[in-house]
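# Fold and contact review
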Amino acid sequence: MIRDLTEGEPQKVLWSFTLPMFVSVIFQQLYNIADSVIAGKFAGEDALAAVGASYPITMIFMAIAVGSNIGCSVVISQLFGAKRYQDMKTAVLTTLTTSFVLSLILTVAGVGVSPLLMRGIRTPENIFSDGDLYLKIYIGGFTFLFLYNVITGVFTSLGDSRTPLYFLIGSSLGNILLDYIFVAWFGWGVAGVAWATFLAQGVACVLAAITLKGRLDTIETEGKVSLFSMEMLKRIALIAVPSILQQSFISVGNIFIQSLVNSFGSSVIAGYSAAVKLNTFTITSFTTLGNGVSSFTAQNLGAKKTERVKKGMRAGIMMAFAIAVPFFIAFFFLGRTVIGLFLTSDSELAMKTGMEFLRVVSPFYFVISIKLIADGVLRGSGAMGEFMVSTFSDLILRVVLSYVLAAEFQTLGIWLSWPIGWSIATVMSVVFYKKGNWKKTKV
């Protein structure tokens, strides 16, 4: 259902709009976690480590998809809020055309350099082959992943957060079922985990594209809608390119951290892989709320309703805190239980590693959540310079400090870099929001 976010009480509108998005995150992360759980339980610690070792590289490809999602959703939301429907449709078609071509190029290049990437992060020999195989199959399905993320961004731009939820529920359940069949029944190991994701994502992408076409056909426009517009591409790129760079920079930074973690052996890799999947679940929840705030901000700035944006910011922080509480309790006090979902009882070093990571970072979820909501306002207004400064500062600090502190405190030093980077970057994002440059956006 297409929805105008510029009308109604801001807090209620934002809650209603973002709740399906948050449920979507639960299902999305559910099947990401299921990959690791099934690999660890049915294929062993090395299989879990292999999937985990390739994870930061897969996130580079995901970063490009997510950055494109952000770029198109901000522009489309602004045009929708301003009732410029012909331009809005042109923006959608331009994004889809460009994304398809770019995804094909990246797929071919990614499969070719997969072994080099795995060597580059110092993947241990006992998990190298499985990690490389998983990565190649994952990259082979990148076109589906890319287009699905972009289509999801279009739906949310139109105020529709429920349709992506329905597709994601089906995709997640299908992925988990295929994971179990391929790994537990067929004994395909890491390859089974990868093929399950490939097939589930492919079906979801095709069905989402068909649904989007039908939805856009219901919006009447005057004049011809262009399949591709260079002018519109430039406008989208102004948001998308910094977003892609930001997302990619995070992924590259995570590769440096993964490389450092890999130097401690496969048991530490397995524990870290389990914990970082859980941590990603939390951070992605906050990021999704931030994306909802971005769409809300973009539509309301397009309609020149600045005060609604401020109320949306306050509502977003309240929602983020409500989400942070259960994650903190589960990870800080029940760490052995949640890490135990991934590992067998004889993986004591891996278990200790995962628990230590979660206890260090989970108290700071309340801090990073504020940053990600503030970032939602900055991104939705097109204030990408300030958005990138705070994000890059966080990442640079985390990467540098992880190496510096690891020399003194071993793996504990790596984990300590997270709360330090988060805290400094949060202060920066809040200062940028308070300055108010985001109010000057033009549609």
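Remember, it's a predicted structure, so these values are computed and weren't measured experimentally. (Residues numbered from 1 in each chain as written. Predicted model: local features only at pLDDT ≥ 70, side-chain atom pairs only at ≥ 80, totals over all residues. Heavy atoms only, no water.)

## What about the overall build of the protein chain?
Note the cut-off: For the purposes of this entry, the term helix denotes a DSSP run of H or I that reaches at least four residues, the term strand denotes a run of E that reaches at least two, and both are numbered from the N terminus. The atom set for the radius of gyration is the C-alpha atoms, and the globule formula is 2.2 Å times the number of residues raised to the power 0.38. Buried residues are those whose accessible area, probed at 1.4 Å on protein chains only, stays under 20% of the maximum for their type, while exposed residues exceed 50% and partly exposed ones sit between those limits. In this description, contact between two residues means that some pair of their heavy atoms is separated by no more than 4.5 Å.
Looking only at helices and strands, one finds 15 helices and zero strands in the protein chain. For the protein chain, the C-alpha radius of gyration of 21 Å lies close to 22 Å, the compact-globule estimate for 443 residues. Reported as C-alpha extents along the three principal axes, the dimensions of the protein chain are approximately 65 × 45 × 35 Å. A buried classification covers 59% of the 443 residues belonging to the protein chain. For the protein chain, the share of sequence-separated contacts (at least 6 apart) that also reach a separation of at least 24 residues comes to 85%.

## Some details on a nonpolar patch on the surface
Threshold: Each patch is built from residues lacking any salt bridge and having more than 30% relative accessible area; the joining distance is 9 Å for like charges and 5 Å for nonpolar side chains (Val, Leu, Ile, Met, Phe, Trp, Tyr). Computed with the Shrake-Rupley method and a 1.4 Å probe, the accessible areas treat only the protein chains shown as cover for residues. For this analysis, a salt bridge means a side-chain nitrogen from Lys or Arg found within 4 Å of a carboxyl oxygen belonging to Asp or Glu.
Taken together, Phe42, Tyr180, Trp185, Phe186, Trp188 and Trp195 make up a surface patch of nonpolar side chains, about 710 Å² in accessible area. Structurally, tryptophan 195 is set in helix α7 (residues 190-217). Classification of tryptophan 195 by relative accessible area gives partly exposed; the value is 37%.

## Some words on unusual backbone geometry
Its identity is not glycine, yet glutamine 410 carries a phi of approximately 60 degrees, on the positive side. Looking at where glutamine 410 falls in the secondary structure, it is placed in the loop between α14 (384-409) and α15 (411-435).

## A look at the packing of aromatic side chains
The relation between two aromatic rings is expressed through the spacing of the ring centres and the mutual angle of the planes. Spelled out, the test is: Working definition: a ring pair exists when centres of Phe, Tyr or Trp rings (six-membered ring for Trp) sit within 6.5 Å. Plane angles under 30 degrees give stacked, over 60 give edge-to-face, the rest tilted.
Scanning all chains against the criterion turns up 24 aromatic pairs. Pairing phenylalanine 142 with phenylalanine 146 gives two aromatic rings, centres 5.4 Å apart and planes at 50 degrees, and the pair type is tilted. One end of the pair is phenylalanine 142 and the other is phenylalanine 146, both in helix α5 (residues 142-157) and four residues apart, which spans about a single turn. A single burial state applies to phenylalanine 142 and to phenylalanine 146, both of which are buried. Seen in terms of ring centroids, tyrosine 365 and tryptophan 422 are 6.1 Å apart; in terms of plane orientation they differ by 40 degrees. Their pairing is tilted. Residue tyrosine 365 is located in helix α13 (residues 365-381), and its partner tryptophan 422 is located in helix α15; the two are separated by 57 residues in the primary sequence. Owing to a relative accessible area of 0%, tyrosine 365 belongs among the buried residues under this scheme.

## So, the side chain of lysine 371
Turning to its location among the elements, lysine 371 is positioned in helix α13. For lysine 371, the residues in contact, after removing those within four places along its chain, are Ser390, Thr391, Ala425, Thr426 and Ser429.

## Overview of the packing of α14 against α15
The condition that has to hold: An axis is simply a line fitted to the C-alpha atoms; with a helix, the fit covers only the stretch in contact. Between two such axes, the angle follows the N-to-C directions and lies from 0 to 180 degrees. Relative orientations are named as follows: roughly parallel for angles under 35 degrees, roughly antiparallel for angles over 145 degrees, roughly perpendicular for angles from 65 to 115 degrees, and oblique for any other angle. Here a crossing is called left-handed whenever its near helix is offset anticlockwise from the far helix by less than a right angle, and right-handed whenever the offset is clockwise. All amino acids are sorted into three groups, where Ala, Val, Leu, Ile, Met, Phe, Trp, Tyr, Cys and Pro are nonpolar, Asp, Glu, Lys and Arg are charged, and the leftover types, Gly among them, are polar.
Between α14 and α15, whose axes approach to 7 Å, the crossing angle comes to 160 degrees. Here α14 lies roughly antiparallel to α15, going by the angle between them. Considering how the two elements wind past one another, α14 and α15 form a crossing that is right-handed. Class assignment of the residues belonging to the contact of α14 with α15 gives a composition of 16 nonpolar, eight polar and four charged.

## Describing the confidence of the model for the protein chain
As a reminder of what qualifies: Every residue carries a pLDDT, the predictor's confidence in it, which falls somewhere between 0 and 100.
Counting all residues, the mean pLDDT for the protein chain is 85, and 98% of those residues have values of 70 or more. Per-element confidence in the protein chain is highest for α15, whose mean pLDDT is 94, and lowest for helix α1 (residues 10-43), whose mean pLDDT is 76.

## Observations concerning the pattern of salt bridges
One pass over the structure, following the stated rule, counts eleven salt bridges. Between glutamate 125 and arginine 119 there is a salt bridge, with the nearest N and O atoms lying 2.4 Å from each other. In this structure glutamate 125 comes out as exposed when scored by relative accessible area, which is 56%. A salt bridge links aspartate 375 to lysine 371; the shortest N-O distance between them is 2.4 Å. Of this pair, aspartate 375 and lysine 371 both sit in helix α13, four residues apart, which is roughly one turn of the helix. Accessibility assignment for this pair places aspartate 375 and lysine 371 in one class, buried.

## Regarding helix α3 (residues 85-120)
The cut-off we apply is this: Note that bend, as reported per residue, equals the angle between axes fitted to the 7 residues terminating at that residue and the 7 residues originating from it.
Of all bends in α3, the biggest is about 55 degrees, found at valine 113, and the proline proline 115 comes one to four residues later. Just beyond α3, the residue with positive phi is arginine 122, at close to 60 degrees.

## Concerning the environment of glycine 335
For glycine 335, the position within the fold is in helix α11 (residues 335-339). For glycine 335, a relative accessible area of 2% puts it in the buried group. Sequence separation of glycine 335 and glutamate 356 is 21 residues, and the distance between their C-alpha atoms is 8.4 Å.

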